[in-house]
Amino acid sequence: NNMYLYFGAGGQLKKYFSWNGLGIYNFAGYYQNDFTIDGSMTFSSYPKNMKQGIHLTGKIHLEQERPNYFYNNAYTNHYVWENDFAKTTDTRVEAKLEIPDWKMEAFVGYAMLNNNIYFDSLSVVRQNTEAMSIFTAYLKKDFTLWKFHMDNKILFQASSNEEVVPLPTLALDLRYYFQFELVKNVLTAQLGANATFTTKYFAPGYSPALGVFYNQKVEKIGENPYIDLFVNLQWKRASIFVKYINMAQGWPTSDHFSAFRYIRPQKALKLGIHWPFYVK
């Protein structure tokens, strides 16, 4: 049980500036004296020929929290620990630029972590007593050429301590498709492919006994594209899809893993329909 207070406020100056903030303080219970502070500001401009405008948002997040009860106390058939970990702190500064008319979005973020919790190679919970940082940046840009759509997202990440928080340096999420109307105002179709890719890194392993992911240093995973072919049909209210997953299985190698020793779904054909029933 916990008791807490919170205060939030926000404001807006026409359509050009908005801000909001939220503070939470736990004054009694397991999380006593823990707090969270969130704040954001958005600046908008509307140049000529840009109806949706340009938006620049800055965010700050500061959090201090006592580690979860599970991290301090566990009694199972295979694992037993009794810890008294220090409180963790998480400080983040982020900025995002959005240009909807250009279908473009850019993001950059920096996080400073102190006393963060992780699971070592034996799936035993540990606390990193040294401060570490994580840098994240992504660029998202969608292109349209006649009926061809090319949705692209590129993510870059860097961790100052790969032993605690391993991350792939580069990740790609690409979706290319051809969209057209089979029956005007009745049936719309999409034919294309979706591909994801990451550079090699020590992807976490999974511990079924604890239900958590742990850090491993046995094998790096990555550099194998995972490609799905799809056909989407929008028939009035009904959405119908046909998907052929992992069409590139075996190329360039057969190491298609989502986690250490956990293989991703193999080649398969999937069908589905979503048909909501309602009365207007």
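Treat the numbers as computed from the prediction; the structure is a model and nothing was measured.

Draft legend 1. Spotlight on the side chain of threonine 57. With respect to the helices, strands and loops of the structure, threonine 57 is situated in strand 4 (residues 54–65). At 3.0 Å, the side chain of threonine 57 forms a polar contact with the side chain of threonine 42.

Draft legend 2. Representation of the layout of surface pockets in the model. Reported here for the largest pocket is a volume of approximately 580 Å³. Surrounding the largest pocket, 28 residues form its lining, Asp90, Arg92, Leu113, Asn116 and Ile134 being those nearest its centre. Counting residues per element, the ones that place at least two in the lining of the largest pocket are strand 4, strand 7 (88–99), strand 8 (104–114), strand 9 (117–119) and strand 11 (132–145). Broken down by element, the lining of the largest pocket gets its largest block of residues, 6 residues, from strand 7. Size it by volume and the second largest pocket reaches roughly 260 Å³. Taken together, 16 residues make up the lining of the second largest pocket; nearest its centre are Thr198, Ile221, Phe257, Ser258 and Arg264. When residues of the lining of the second largest pocket are traced back to their parent elements, those giving at least two are strand 14 (187–198) and strand 19 (257–259). Per element, the largest residue contribution to the lining of the second largest pocket is 3 residues, and it comes from strand 14. Grouping the constituent residues of the lining of the second largest pocket by class yields 8 nonpolar, 6 polar and 2 charged.

Draft legend 3. Looking closely at the packing of aromatic side chains. Under the criterion given, the structure shown has 22 aromatic pairs. Relative to phenylalanine 178, the ring of phenylalanine 148 lies with its centre 4.8 Å away and its plane at 45°, an arrangement referred to as tilted. With phenylalanine 148 in strand 12 (residues 148–159) and phenylalanine 178 in strand 13 (residues 170–183), this residue pair connects regions lying 30 residues apart in the sequence. Its relative accessible area of 42% is what places phenylalanine 148 among the partly exposed residues. Look at phenylalanine 178 and you get partly exposed, because its relative accessible area is 22%. We note lysine 15 situated over the ring of tyrosine 46; from NZ or CZ to the ring centre the distance is 4.3 Å. A cation sits over an aromatic face here: lysine 153 above tyrosine 138, 4.5 Å from the ring centre.

Draft legend 4. Structural context of a nonpolar patch on the surface. Taken together, Leu229, Val242, Tyr244, Met247, Leu269 and Leu271 make up a surface patch of nonpolar side chains, about 540 Å² in accessible area. If you list the elements that add at least two residues to the nonpolar patch, you get strand 18 (238–245) and strand 21 (268–274). Relative to the assigned elements, valine 242 resides in strand 18.

Draft legend 5. Here's a closer look at the environment of glycine 39. One can find glycine 39 in strand 3 (residues 35–45). A sequence separation of 225 residues divides glycine 39 from arginine 264, and the C-alpha atoms of the two residues are 38 Å apart. Discounting chain neighbours no more than four positions away, the residues touching glycine 39 are Asn20, Gly21, Gly58, Lys59 and Ile60.

Draft legend 6. Quick peek at the pairing of strand 2 (residues 17–29). Relative to strand 2, strand 1 (residues 2–13) runs antiparallel, the two sharing 12 bridges. By the bridge assignment for strand 2, leucine 13 is matched with phenylalanine 17. Hairpin remark: strand 1 followed by strand 2, antiparallel, with 3 residues in the connecting loop; positive phi at lysine 14, about 50°. Here 9 bridges tie strand 2 to strand 3, and the two strands are oriented antiparallel to one another. Paired with tyrosine 25 across the two strands is phenylalanine 35, which belongs to strand 3. The hairpin turn running from strand 2 into strand 3, its antiparallel successor, is 5 residues long, and asparagine 33 in that turn takes a positive phi close to 70°.

Draft legend 7. Looking closely at the nonpolar core. Among the nonpolar cores identified, the biggest contains 13 residues, and Trp81, Phe119, Val125 and Leu210 are the most heavily contacted of them. Beyond its immediate stretch of four places on either side in the chain, leucine 210 contacts Phe70, Tyr79, Trp81, Phe119 and Ser123. Grouped together as the second largest cluster of nonpolar side chains are 6 residues, Met132, Ile134, Val164 and Val165 included.

Draft legend 8. Looking closely at the pattern of salt bridges. With the rule as written, the count across this model stands at 4 salt bridges. Close ionic contact of lysine 87 with aspartate 34 constitutes a salt bridge, the shortest N to O distance being 2.8 Å. Of this pair, lysine 87 sits in the loop between strand 6 (80–82) and strand 7 while aspartate 34 sits in the loop between strand 2 and strand 3, placing them 53 residues apart in sequence. Residue classification places aspartate 34 among the buried residues on the basis of a relative accessible area of 2%.

Scoring rules and cut-offs
- Residues numbered from 1 in each chain as written.
- Predicted model: local features only at pLDDT ≥ 70, side-chain atom pairs only at ≥ 80, totals over all residues.
- Heavy atoms only, no water.
- Helix = DSSP H or I, 4+ residues; strand = E, 2+ residues; numbered from the N terminus.
- Polar contact = N/O pair within 3.5 Å; in protein donor to acceptor, adjacent residues only side chain to side chain.
- 1 Å grid on protein atoms, 1.4 Å probe; cavity = no way out; pocket = protein on both sides within 12 Å on 5 of 7 lines; lining within 4 Å.
- Points joined across faces, edges and corners; volume = space filled by probe spheres on them.
- Nonpolar A, V, L, I, M, F, W, Y, C, P; charged D, E, K, R; others polar.
- Phe/Tyr/Trp six-rings, centres within 6.5 Å; stacked < 30°, edge-to-face > 60°.
- Buried < 20%, exposed > 50% of the residue type's maximum accessible area, 1.4 Å probe, protein only.
- Lys NZ or Arg CZ within 6 Å of the ring centre and 35° of its normal.
- Patch = residues over 30% accessible without salt bridge, like charges linked within 9 Å, V, L, I, M, F, W, Y side chains within 5 Å.
- Areas by Shrake-Rupley, 256 points an atom, 1.4 Å probe, with all protein chains shown as cover.
- Salt bridge = Lys/Arg side-chain N within 4 Å of Asp/Glu carboxyl O.
- Contact = heavy atoms within 4.5 Å.
- Pairing = 2+ DSSP bridges.
- Core = buried A, V, L, I, M, F, W, Y, C linked by side-chain atoms within 4.5 Å.

Don't take any of this as a statement about function, it's just geometry.
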